[in-house]
Amino acid sequence: MTIQWFPGHMTRARRQIQDKLKLIDVVIELLDARIPLSSRNPMIDEILQNKPRFVLLNKSDLADPDVTAKWVAYFAGEGLQALPVDAATGNQMKEIMARCRQLMAAKIETQLRKGINPRAIRALIVGIPNVGKSTLINRLAGRKIAATGDKPGVTKGQQWIKVGTEMELLDTPGILWPKFEDQQVGMRLAATGAIKEEILHPEDIAFYTLRYLTVHYGGALKERFGIDKMPDDPEDNDAVIEVMEAIGRKRGALVSGGRVDLEKASLTILRELRAGKMGRISLESPDDVNEEKPL
Ligand code: G4P
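Residues numbered from 1 in each chain as written. Predicted model: local features only at pLDDT ≥ 70, side-chain atom pairs only at ≥ 80, totals over all residues. Heavy atoms only, no water.

Caption draft 1: Local environment of the overall build of the protein. Looking only at helices and strands, the protein features ten helices and seven strands. On C-alpha atoms alone, the protein measures out to a radius of gyration of 21 Å, which is about the 19 Å that the 2.2 N^0.38 rule sets for 295 residues. When its C-alpha atoms are laid out on the principal axes, the protein stretches across 80 × 35 × 35 Å. The 295 residues of the protein split such that 48% are buried. The long-range share in the protein, meaning contacts at least 24 apart out of those at least 6 apart in sequence, stands at 73%. (Helix = DSSP H or I, 4+ residues; strand = E, 2+ residues; numbered from the N terminus. Rg over C-alpha atoms; globule rule 2.2 N^0.38 Å. Buried < 20%, exposed > 50% of the residue type's maximum accessible area, 1.4 Å probe, protein only. Contact = heavy atoms within 4.5 Å.)

Caption draft 2: Main features of the site of the ligand. Taken together, 15 residues form the shell around the ligand, and within it D61, N130, K133, S134 and T135 come nearest. In this structure, A88 approaches the ligand through a main-chain N or O atom, which is 3.3 Å from an oxygen atom. Burial of the ligand by the surrounding chains reaches 60%, relative to a free accessible area of 710 Å². Among the elements that take part in the shell around the ligand, helix α5 (residues 133–141) stands out by supplying three residues, more than any other. Across the shell around the ligand, the residue classes tally to six nonpolar, five polar and four charged. (Near = heavy atom within 4 Å. Polar contact = N/O pair within 3.5 Å; in protein donor to acceptor, adjacent residues only side chain to side chain. Areas by Shrake-Rupley, 256 points an atom, 1.4 Å probe, with all protein chains shown as cover. Nonpolar A, V, L, I, M, F, W, Y, C, P; charged D, E, K, R; others polar.)

Caption draft 3: Expanded view of a negative patch on the surface. Residues D233, E235, D236, D238 and E242 make up a contiguous surface patch of negative charge. Of note, D233 is situated in the loop between α8 (218–225) and α9 (237–250). (Patch = residues over 30% accessible without salt bridge, like charges linked within 9 Å, V, L, I, M, F, W, Y side chains within 5 Å. Salt bridge = Lys/Arg side-chain N within 4 Å of Asp/Glu carboxyl O. Lys, Arg positive; Asp, Glu negative; His and termini not counted. Charge placed at Lys NZ, Arg CZ, Asp CG, Glu CD.)

Caption draft 4: Up close: empty space enclosed by the protein. All chains considered together, the criterion is met by three cavities of 30 Å³ or more. Counted as a void, the second largest cavity has a volume near 60 Å³. Lining of the second largest cavity is provided by R34, L62, T192, L273, G276, G279, I281 and L283. When grouped by side-chain class, the residues that make up the lining of the second largest cavity number four nonpolar, three polar and one charged. (1 Å grid on protein atoms, 1.4 Å probe; cavity = no way out; pocket = protein on both sides within 12 Å on 5 of 7 lines; lining within 4 Å. Points joined across faces, edges and corners; volume = space filled by probe spheres on them.)

Caption draft 5: A look at the packing of helix α6 (residues 183–192) against helix α7 (residues 202–216). Between α6 and α7, the least distance of the axes is 9 Å, while the angle of their chain directions is 100°. When the interaxial angle is binned, α6 and α7 end up roughly perpendicular. Between α6, through Q184, M187, A190 and A191, and α7, the contact on the second element is made entirely by D204, I205, Y208 and T209. When its residues are assigned to classes, the contact of α6 with α7 shows five nonpolar, two polar and one charged. (Axes fitted to C-alpha atoms, helices over the stretch in contact; angles between N-to-C directions. Parallel < 35°, antiparallel > 145°, perpendicular 65-115°, else oblique.)

Caption draft 6: Seen up close, unusual backbone geometry. Even without glycine at this site, Q49 takes up a positive phi of about 50°. Of note, Q49 is situated in the loop between α2 (44–48) and β2 (53–58). A residue is classified by how much of its surface remains accessible, and Q49, at 52% relative accessible area, is exposed. A positive phi angle is found at K59, which is not glycine, with a value near 60°.

Caption draft 7: Here's a closer look at the nonpolar core. In this structure, I28, L56, I96, L136, L169, L210 and L213 are the most contacted members of the largest nonpolar core, which totals 84 residues. It is α7 that contributes the most residues to this core, six residues altogether. If we ignore the near neighbours within four places in the chain, the residues touching L56 are I28, E29, L30, L31, L83, V85, I96 and L136. (Core = buried A, V, L, I, M, F, W, Y, C linked by side-chain atoms within 4.5 Å.)

Caption draft 8: Examining the pairing of strand β6 (residues 167–170) more closely. Residues M167 and L169 line one face of β6 and the alternating positions E168 and L170 line the opposite face, and both faces are buried. In this sheet, β6 lies alongside strand β4 (residues 121–127) in parallel orientation, the contact comprising three bridges. Bridge pairing in β6 places R122 opposite E168. When strand β5 (residues 160–163) meets β6, the two strands line up antiparallel, connected through four bridges. (Pairing = 2+ DSSP bridges.)

Caption draft 9: Up close: the packing of α7 against helix α10 (residues 262–274). In the contact formed by α7 and α10, the axes pass within 9 Å of each other and the chain directions differ by 55°. Here α7 lies oblique to α10, going by the angle between them. Handedness of the α7/α10 crossing: left-handed. Across the interface between the two elements, P202, E203, I205, A206, T209, L210 and L213 of α7 pack against L262, E263, S266, L267, I269, L270 and L273 of α10. (Left-handed = near helix turned anticlockwise from the far one by under 90°.)

Below, the structure written as structure tokens:
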């Protein structure tokens, strides 16, 4: 699902989350492990304020484990615990509950000391579209939860989903917007499939992606497509296009006259990347955060 975000939508989405915050103890911020900063809401600190929270780096099955480990350290430096997960297979679900308990430990202890029996910890999942919120809710619930309220502006009664005996999850997640006014962010979101190709042209997305891959994942390109020669200079656009053409030829993406159909080649690159066919790849690393590198 791709939502068109306008200032009115953002304000409404923000209000909806802030209304939900009143009901909950812990926020679970869901990010895409392949692009944690690009899949993050730019106003998240302001929106969530001081609510106890932690980060889940979802789709970590598709991300480069070494880079994901660096992101965990990066968020720790920000005072936030980050846990790589894989909502699609349900990996680490027990650990999510443990993290919620950990965040609430001091409060629960105080209640117990006062003789109050603590109620279940109430949690809310927040994140941008396509990051895996519904998949995670279904996993934690152990069944499919109808996502009728999954649109900004659509209201329905809140329901609590029991997760084990100690946790309750709000059935509708908080939907946030990404920092899409930044073109590099837009490219990364499109590369992972969070933004549909109708919005950004597949050739542009594949070009930017390929440029990053030639620098960071030359070995994966070589293995998948048999390409030996990576551009000496990633800023050399023609050399990047040559790699794209070589991939197109390899996959038979040709038009009459034997020329490479660049659109077809682009779609192939993106499809194979998103399906994890090139191996586990991250498109953003804490190492490039302070560098103005493309993609
Ligand atoms: P949302 O509620 O945040 O909008 O996201 P949603 O759960 O709908 O997930 C978006 C897509 O991401 C889905 O794929 C879902 O299967 C996939 N996904 C979620 N978590 C993971 C994960 O940990 N790993 C991987 N590899 N994929 C994940 P889809 O193509 O839209 O649908 P489908 O393939 O499930 O049919």
